[in-house]
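Examination of the molecular architecture
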Amino acid sequence: MSGKNKSKNNPDRTKVNPGQAKANSNMLDDDPDSITALRNTMEGISKQIQALQTDLKADLRAFKDDITTQVKREVSELRADIDQKFATVSTDIQQQSERINANQARTEEVEAWSAEANTVFLELLREQRRMIEKLDDLESRSRRNNLRIYGIPEDTEKGVQTIDFVKEWLSTELSIPTDLQIQRAHRALTAKPKPDKAPRSVIVNFLQYSTKELVLSKAWEKKNIKIGDSRIYFDHDYSAGVLQQRKDYAHVKAALKKQGIRFQTPYTKMHIHWAGGKKTYNNAQEAAAELRRRGIEVDITPKEATGHSLLERLRSTALSSWQRVEGRSAADASRRARKKLQDFQHNTSEGGDAHRGTE
């Protein structure tokens, strides 16, 4: 573009002298050697160009072959590496699958065993509860002829046997002329309390249940019985379990006394004399719930996790979010677990029968 512009801008510099051009032409026509030399030069240049083209084509072909070979080699290596890694991953997946299947089989067996064991455990808790109730009943029956006297100051019977003191004191205080037939009388079997603490109760065992009931009725009838400044109270000799159930009514009793409502606590139950009539409650929780329903505030401390409450908790527990793993081996595992438990129960029952046979 610049050359053309220069040519256009300086027409005199590109303008050929007709006379000079003609002279040059005449010189070429007159010199054949120059023409031959020029022709030879052009032919040489043409051959060099052709040789250069041939060399370039050869170099390009060789470069292409090298690139193709290198790409094929790298692709082959990449494929081999991918195949190796894929084989490794496949092996790992297979191993993981085998482990998962083994764990699933174990889980199914554990679940089946757990379900059966839970059933047996609940039955054992129920049996334990029945045995505790029977033992408590037997203990209560063995205490039927016993009487507990609360409030007698320590060392009141000092110098004489407790049984002699109790015989004379009861006959005099309650005006009972007949022989009370007391077999045993002693303080509760605990450590002697400090002077500022409540004295130990006195347990009195009568030969006849009727005599014990006579003494108790006369004592409740007289009510205000004292030794010195100490108020004396009479009650049945309850077992530890029954005594605890009666103690549970303490807050309910306090609330009823505050409201001026009459009540009775025979054994482990409570009778409340409402305006509409008498109602009976089996435990302190039932009575407290009734008081709350009627707008009476009462505080009941939560019961300890005994066998009874544990059984109720297990019964009320609902694992709704948990689903058992069902599989081909679940039924087999359940059958195996049930068979083991049945064998255990069978052996246990045989042992119990043998033990009863030796009694």
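A brief structural summary. (Residues numbered from 1 in each chain as written. Predicted model: local features only at pLDDT ≥ 70, side-chain atom pairs only at ≥ 80, totals over all residues. Heavy atoms only, no water.)

**Digging into the overall build of the chain**
Using the following cut-off: Segments assigned H or I by DSSP are reported as helices when at least four residues long, segments assigned E as strands when at least two residues long, and all are numbered from the N terminus. In this description, contact between two residues means that some pair of their heavy atoms is separated by no more than 4.5 Å. To be clear on the numbers: accessible area is Shrake-Rupley with a 1.4 Å probe, and residue cover counts the displayed protein chains and nothing else.
Along its length, the chain carries 11 helices and 8 strands. The long-range share in the chain, meaning contacts at least 24 apart out of those at least 6 apart in sequence, stands at 59%. In the form shown here, the chain has an accessible surface area of approximately 26,600 Å², with 53% of it arising from carbon and sulfur atoms.

**Let's talk about the sheet that holds strand β1 (residues 146-150)**
The following threshold applies: Only when DSSP finds a minimum of two bridges between them are two strands counted as paired. Axes, fitted as lines to C-alpha atoms, cover a helix only where it is in contact. Angles between the N-to-C directions of the axes lie from 0 to 180 degrees.
Read from one edge of the open sheet, 5 strands run β2-β3-β1-β5-β4, paired in antiparallel fashion. The sheet is open, and its two borders are formed by β2 (182-187) and β4 (225-227), each paired with just one other strand. Looking at each pair of strands side by side, their axes are set apart by 30° on average, direction ignored. Of the strand pairs in this sheet, β4 and strand β5 (residues 230-236) are connected by 3 bridges, and their pairing is antiparallel.

**Thoughts on a nonpolar patch on the surface**
The line we're drawing: Like charges are joined within 9 Å and nonpolar side chains (Val, Leu, Ile, Met, Phe, Trp, Tyr) within 5 Å, but only among residues with over 30% relative accessible area and no salt bridge; these make up the patches. Whenever a carboxyl oxygen of Asp or Glu lies within 4 Å of a side-chain nitrogen of Lys or Arg, that contact is scored as a salt bridge.
Together, L38, M42, I45 and I49 make up a nonpolar patch on the protein surface, roughly 390 Å² of accessible area in all. Its location among the elements puts I45 in helix α4 (residues 32-142).

**Side note on the sheet that holds strand β7 (residues 270-274)**
Strand order in the open sheet formed by 3 strands is β6-β7-β8, and the pairing between neighbours is antiparallel. Edge strands, defined here as strands with exactly one partner in the open sheet, are β6 (263-264) and β8 (277-281). Pairing analysis gives 5 bridges linking β7 to β8, with the strands arranged antiparallel. Looking at β8, one finds that H273 is bridged to K278. Packing against the sheet, helix α8 (residues 250-259) makes contact with β6 and β7, and its axis sits at approximately 20° to β7.

**Observations concerning the packing of α8 against helix α9 (residues 284-293)**
The geometry of a pair of packed helices is captured by two quantities: the angle between their axes and the separation between those axes. Going by this rule: Should the near helix be turned anticlockwise from the far one by less than a right angle, the crossing is termed left-handed; should it be turned clockwise, right-handed. Asp, Glu, Lys and Arg are counted as charged, while Ala, Val, Leu, Ile, Met, Phe, Trp, Tyr, Cys and Pro are counted as nonpolar; the rest, among them Gly, fall into the polar class.
Running from amino to carboxyl end, α8 crosses α9 at an angle of 35°, the nearest separation of the two axes being 9 Å. The two elements α8 and α9 cross, and the hand of that crossing is left-handed. Contacts from V252, A255 and L256 in α8 reach A284, A287, A288 and L291 in α9. Per-class residue counts for the contact of α8 with α9 are 7 nonpolar, no polar and no charged.

**A closer look at unusual backbone geometry**
Counted only if it meets this: In this scheme, a residue with accessible area under 20% of its type's maximum is buried, one over 50% is exposed, and one in between is partly exposed, where area comes from a 1.4 Å probe on protein chains only.
We note that S175 has phi near 55°; this positive angle belongs to a residue other than glycine. Residue placement: S175 occurs in the loop between α5 (162-173) and β2. Residue S175 is classed as exposed on the basis of its relative accessible area of 56%.

**Quick notes on the pattern of salt bridges**
All told, the structure shown has 18 salt bridges when counted by the stated rule. The closest approach of N and O atoms between E123 and R130, which form a salt bridge, is 3.2 Å. Taking the relative accessible area as the measure of exposure, E123 reaches 35% and is therefore partly exposed. A relative accessible area of 35% means that R130 is categorised as partly exposed. With a shortest N-O distance of 3.9 Å, R246 and D235 are connected by a salt bridge. Here the residue R246 occupies a position in helix α7 (residues 240-247), and D235 occupies one in strand β5, the gap between them amounting to 11 residues. The exposure classification of R246 matches that of D235, with both residues buried. Each of E123, R126, E127 and R130 takes part in salt bridges that share partners, so that together they form one network.

**Describing the side chain of T268**
With respect to the helices and strands, the residue T268 is situated in the loop between β6 and β7. Sequence-distant contacts of T268, that is, excluding residues within four places in its chain, are made with V242, Q245, Y249 and N282.

**Details of the packing of aromatic side chains**
Aromatic ring pairs are defined here through the distance separating the ring centres and the angle between the ring planes. Going by this rule: Only Phe, Tyr and Trp rings take part, Trp by its six-membered ring, and two of them pair if their centres are within 6.5 Å. Stacked means planes under 30 degrees apart, edge-to-face means over 60, and tilted covers everything else. A ring is scored as having a charge over it whenever the NZ atom of a lysine or the CZ atom of an arginine sits within 6 Å of its centre and within 35 degrees of its normal.
In total, this model carries 3 aromatic pairs according to the counting rule given. Considering the side-chain rings of W169 and F234, the 6.0 Å spacing of their centres and the 5° angle between planes classify their relative orientation as stacked. With a gap of 65 residues between them, W169 in helix α5 and F234 in strand β5 connect regions that are remote in the sequence. Since its relative accessible area comes to 7%, F234 is described here as buried. Aromatic ring contacts, followed pair by pair, group F165, W169 and F234 into a single cluster. Across from the ring centre of Y209, 4.4 Å away, lies the NZ or CZ of R144, which sits over that ring.

Remember that the coordinates give geometry; whether it matters functionally is a separate question.
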